[in-house]
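# Residue-level structure breakdown
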Amino acid sequence: MQTPAGGVHGTTRSYRLCGLKLDSDFDLPALPEWDDPAEAPADVSCRRGVVPSCLKQPDYIAPIFQTSSAGEYLLVLPGTGRILVRAGNDITVEPEFGPAPSNLSTILAGPIQAVLWHQRGLLPLHASVVVIEGRAVALCGDGAAGKSTLAAVLAAQGYHVIADDIGVVDTRGSEEVLATPGGARLQLWRDALVGLGVATDGLKRAPPHQEKYFFDCRGRIPFERYELAAVVQLVRNALPPARLVRLRGAQAANALYNCVHSQRSARALGRAQPIFAAFPRMAFAGVEFWRLMVPEGLAGLREAAARLLAAPKG
Amino acid sequence: MQTGDTSDGADVTSRIANLTIVSRSPSVLTAEIDSEVLMMSVEQEEYFGLDDVGSNIWKRLDPPCTFADLIDRLAADYDADRENIAEDVRALLATMAERGVVRLA
């Protein structure tokens, strides 16, 4: 039975995973709770269970993960546990010491979610996604690139944030590339929140960091997908002023390739060709590629946001 | 002839002689966008772009051929000095070999 707080069914919690319903035995605070009152069956399950230490017939073995031609992905993290992902809809977790370790939710919402999307034939980018003039713009970069804070700066100006950290893109259509709304829950450092005028009192901490918090942007998460207009590669701590440079050809392709989430795992799962083909498909669909040079600090991010919004169209 | 970031491939250049057989790497992925051919070696995980002249050379590497044959055909088609073409193509092939998209044997 669903509680008024939403999403909790006994020990199972329900979350929204880019339009899919995820039932989980583990707390996943980075994901929005399932808020549809309808008793829909789960599309994806994340259960506690027994996970083998190796796959029966692995065709790729890396130091911490294995894959099989059957589409299985096994992650073995000493100190954390073992996680098996199958067919893009079935996650089994065996924590090493019984209770869920503190970093588990980050791993499940991050690389494991990315593997799940790869298995489903979609392209997860290491990106926060913002809607500008009705179309999606993916702000890409690694963990310290400032993509969430830049998204927060844009959200403060009224722009709709539809994904944080993982931006799921569908390149399978013949003419359009679509971004799937994930959630508007940003993970921000205390300094960024203070700079944005947001009090951290009452905000939930984002594990495993002590000084990082979840911040929900306003607005309900839409179900409909957005046409992807641009992929923006963030380069942090650049010399001022903020600059926006258009990327083309191999430079643009490499920028995109480098922001594909968990690409080594994806390649092991046989996704090398679709990942390679993602750039030509995006270019054909008219997606633009930019590099945004972001100076240090919140002032630098604000200046970068202004540059991004002033980008020439077409 | 190539676009994007490239290295000079100087040490490989000296390995390319007239009888060197030049072939496409079997593990290369390619796609054509506008007038540019994009390619990536599965091992090296980096896109490599060729402009229309580079793309023309790429198309002539299937089936494999010797470096001398390749230069002869290019010199005939472009009506250009063989030595100049050889120098440019040798440098391009060296870079492509370093990027894992062609093989030299």
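Remember, it's a predicted structure, so these values are computed and weren't measured experimentally.

Here the focus is the nonpolar core. All names here are of chain A. In terms of nonpolar packing, the biggest core is built from 117 residues, with Ala138, Leu139, Val232 and Leu256 touching the most fellow members. Considering each element in turn, this core owes the most residues, 8 residues, to helix H1 (residues 104-119). Per-domain counts for this core show at least three residues from each of domain 1 (8-119) and domain 2 (123-309). When residues no more than four places from it in sequence are discounted, the contact partners of Leu139 are Ala127, Ser128, Val130, Lys147, Leu150, Ala151, Val232 and Leu234.

Our focus in this paragraph is the packing of helix H2 (residues 147-156) of chain A against helix H7 (residues 297-309) of chain A. Residues and elements named next belong to chain A. Running from amino to carboxyl end, H2 crosses H7 at an angle of 65°, the nearest separation of the two axes being 9 Å. As H2 runs across H7, the sense of the crossing is right-handed. Between H2 and H7, the contacting residues are Thr149, Leu150, Val153 and Leu154 on the first element and Leu301, Arg302, Ala304 and Ala305 on the second. Taken together, the residues that form the contact of H2 with H7 break down as 6 nonpolar, 1 polar and 1 charged.

Another aspect to go through is the environment of A:Ala127. Residue and element names in this part refer to chain A. Looking at where Ala127 falls in the secondary structure, it is placed in strand E10 (residues 123-132). On the neighbour-count criterion, Ala127 (30 C-beta atoms within 10 Å) is buried. Placed 36 residues apart in sequence, Ala127 and Ala163 show a C-alpha to C-alpha distance of 7.6 Å. Dropping the residues within four chain positions of it, Ala127 is found in contact with Ala138, Leu139, Cys140, Lys147, Gly167 and Cys259.

Contact with chain B, which involves 13 residues of that partner, is made by 12 residues of chain A. For the side of chain B that touches chain A, the secondary-structure elements that each account for two or more residues are strand E3 (28-33), strand E4 (36-41) and strand E5 (47-50) of chain B. Across the side of chain B that touches chain A, the residue classes break down as 8 nonpolar, 3 polar and 2 charged.

Bringing the domain arrangement of chain A into the picture now. All names here are of chain A. One can read the domain layout of chain A as domain 1 (8-119) and domain 2 (123-309). In this structure, domain 1 and domain 2 have C-alpha centres spaced 23 Å apart. With 25 residues of domain 1 at the interface, the matching set in domain 2 holds 24 residues. Within the residue set of the side of domain 1 that touches domain 2, elements represented by two or more residues are strand E6 (65-68) and H1. Here the element with the most residues in the side of domain 1 that touches domain 2 is H1; it accounts for 10 residues. In terms of residue class, the side of domain 1 that touches domain 2 is built from 13 nonpolar, 11 polar and 1 charged.

With that settled, consider the packing of helix H3 (residues 67-78) of chain B against helix H4 (residues 82-98) of chain B. Residue and element names in this part refer to chain B. Axis separation between H3 and H4 bottoms out at 9 Å; the angle between their running directions is 125°. As summarised for this structure, H3 and H4 are arranged oblique, according to the angle between their axes. For the pair H3 and H4, the crossing hand works out as right-handed. Judged by residue contacts, Leu70, Ile71, Leu74, Ala75 and Tyr78 of H3 engage Arg82, Ile85, Ala86 and Val89 from H4. Across the contact of H3 with H4, the residue classes tally to 8 nonpolar, no polar and 1 charged.

On to the sheet that holds strand E7 (residues 102-104) of chain B. All names here are of chain B. Taken together, 3 strands build an open sheet; the order of strands is E6-E2-E7 and the sheet is antiparallel. The sheet is open, and its two borders are formed by strand E6 (65-66) and E7, each paired with just one other strand. Here strand E2 (residues 21-24) pairs with E6 via 2 bridges, running antiparallel. The partner of Val22 across the bridge, within E6, is Cys65.

Any segment with low pLDDT has predicted coordinates that should not be analysed in fine detail. On average, chain A scores 91 in pLDDT, and the residues at 70 or more come to 96%. Averaged pLDDT values over the elements of chain A bottom out at 46 in strand E1 (residues 8-9) of chain A and peak at 98 in strand E8 (residues 81-86) of chain A.

Another point: the environment of A:Pro111. Residues and elements named next belong to chain A. Examined against the element boundaries, Pro111 turns out to sit in helix H1. Look at Pro111 and you get buried, because 22 C-beta atoms sit within 10 Å. Each C-alpha atom, one on Pro111 and one on Pro124, is 9.8 Å from the other, the two residues being 13 residues apart in sequence.

Further remarks concern unusual backbone geometry. For the bond from A:Pro240 to A:Pro241, the omega torsion is 0°, close enough to zero to count as cis. Note that A:Pro241 resides in the loop between strand E17 (226-238) and strand E18 (243-247). A cis geometry characterises the amide bond from B:Asp62 onward to B:Pro63, with omega recorded as 5°. Structurally, B:Pro63 is set in the loop between helix H2 (52-59) and E6. We note that A:Ala87 has phi near 55°; this positive angle belongs to a residue other than glycine. Along the polypeptide, A:Ala87 turns up in the loop between E8 and strand E9 (90-95). Residue A:Ala87 is classed as partly exposed on the basis of its 13 C-beta neighbours within 10 Å. The phi torsion at A:Asn237 lies on the positive side, around 55°, for a residue other than glycine. Along the chain, A:Asn237 turns up in strand E17.

Conventions and cut-offs
- Residues numbered from 1 in each chain as written.
- Chains lettered and ligands numbered in written order.
- Predicted model: local features only at pLDDT ≥ 70, side-chain atom pairs only at ≥ 80, totals over all residues.
- Core = buried A, V, L, I, M, F, W, Y, C linked by C-beta atoms within 7 Å.
- Buried ≥ 20, exposed ≤ 12 C-beta atoms within 10 Å, placed from the backbone.
- Helix = DSSP H or I, 4+ residues; strand = E, 2+ residues; numbered from the N terminus.
- Domains from an automatic or database assignment.
- Contact = placed C-beta atoms within 7 Å.
- Axes fitted to C-alpha atoms, helices over the stretch in contact; angles between N-to-C directions.
- Left-handed = near helix turned anticlockwise from the far one by under 90°.
- Nonpolar A, V, L, I, M, F, W, Y, C, P; charged D, E, K, R; others polar.
- Parallel < 35°, antiparallel > 145°, perpendicular 65-115°, else oblique.
- Pairing = 2+ DSSP bridges.
- pLDDT = per-residue confidence, 0-100.

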